[in-house]
Amino acid sequence: MASSSSTYRSSSSSDGGNPTDSVVAVDDRKRKRMLSNRESARRSRMRKQKHVDDLTAQINQLSNDNRQILTSLTVTTQLYMKIQAENSILTAQMSELSTRLEALNEIVDLVTTTNDQIDDRTVGINCDGYYDEMMSGVNPWGGSVYSNQPIMANDMMNMY
């Protein structure tokens with residue numbers, strides 16, 4: 001810049017003009033340039049401040065989003081653990097029920113086999129209907145047909 005201002009001075013003095021006018025003109029340009037630089041620096045600071053404010057707002061938004069995601073993750077994890085516990089209980093119950101079903105199927109097979117053997121042994125008796133009359137009051141599972149009747153306690157039992 002110093003060389004340009006000396007160029008302005010030399011050119012104006014070579015023209016034969018007033019040297020104070022050229023110095024004033026150079027000083028005027030310097031002052032305008034300084035004001036322009038100040039204004040540019042002010043705008044730059046404002047842009048920088050706006051950028052910092054935008055980044056701060058973005059940080060706050062991302063922090064809120066992060067908190068919401070963590071809360072959702074916690075709730076989901078608790079729900080998963082609850083469902084996993086329920087699944088474990090249901091698996092154990094299914095295993096127990098499968099074992100019971102197998103045992104009941106074995107009993108049914110045994111009873112069916114036993115009934116088939118009884119029918120085979122009574123083929124000769126069945127021909128006159130005597131066996132049917134004799135077995136009419138008997139439940140094949142044991143006991144009589146009237147086993148659903150309540151058992152009544154007598155007065156003697158109350159004494160003890």
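No experiment lies behind these values; they were computed from the predicted model shown.

A.B. asks: Outline the overall build of the chain, supporting the account with residue identities and numerical values.
C.D. replies: Along the backbone of the chain there are three helices and zero strands. In sequence order, the chain lays out its α and β elements as α-α-α. Accessible surface, the chain: about 14,300 Å² in total, of which carbon and sulfur atoms supply 58%.

A.B. asks: Outline the pattern of salt bridges, supporting the account with residue identities and numerical values.
C.D. replies: Under the counting rule described, the total for this entry stands at five salt bridges. Of the charged contacts, one joins E39 and R43 as a salt bridge, the two residues approaching to 3.9 Å between their closest N and O atoms. Of this pair, E39 and R43 both sit in helix 2 (residues 19-121), four residues apart, which is roughly one turn of that helix. Given the relative accessible area of 30%, E39 is considered partly exposed. Because the salt bridges share partners, they merge into one network encompassing E39, R42 and R43.

A.B. asks: Residue-level account of the confidence of the model for the chain, with values.
C.D. replies: The predicted model of the chain has a mean per-residue pLDDT of 78, with 62% of residues at 70 or higher. Counted against residues more than four places away or in other chains, residues 1-15, with its pLDDT under 50, gives seven contacts.

Procedures and definitions
- Residues numbered from 1 in each chain as written.
- Predicted model: local features only at pLDDT ≥ 70, side-chain atom pairs only at ≥ 80, totals over all residues.
- Heavy atoms only, no water.
- Helix = DSSP H or I, 4+ residues; strand = E, 2+ residues; numbered from the N terminus.
- Areas by Shrake-Rupley, 256 points an atom, 1.4 Å probe, with all protein chains shown as cover.
- Salt bridge = Lys/Arg side-chain N within 4 Å of Asp/Glu carboxyl O.
- Buried < 20%, exposed > 50% of the residue type's maximum accessible area, 1.4 Å probe, protein only.
- pLDDT = per-residue confidence, 0-100.
- Contact = heavy atoms within 4.5 Å.

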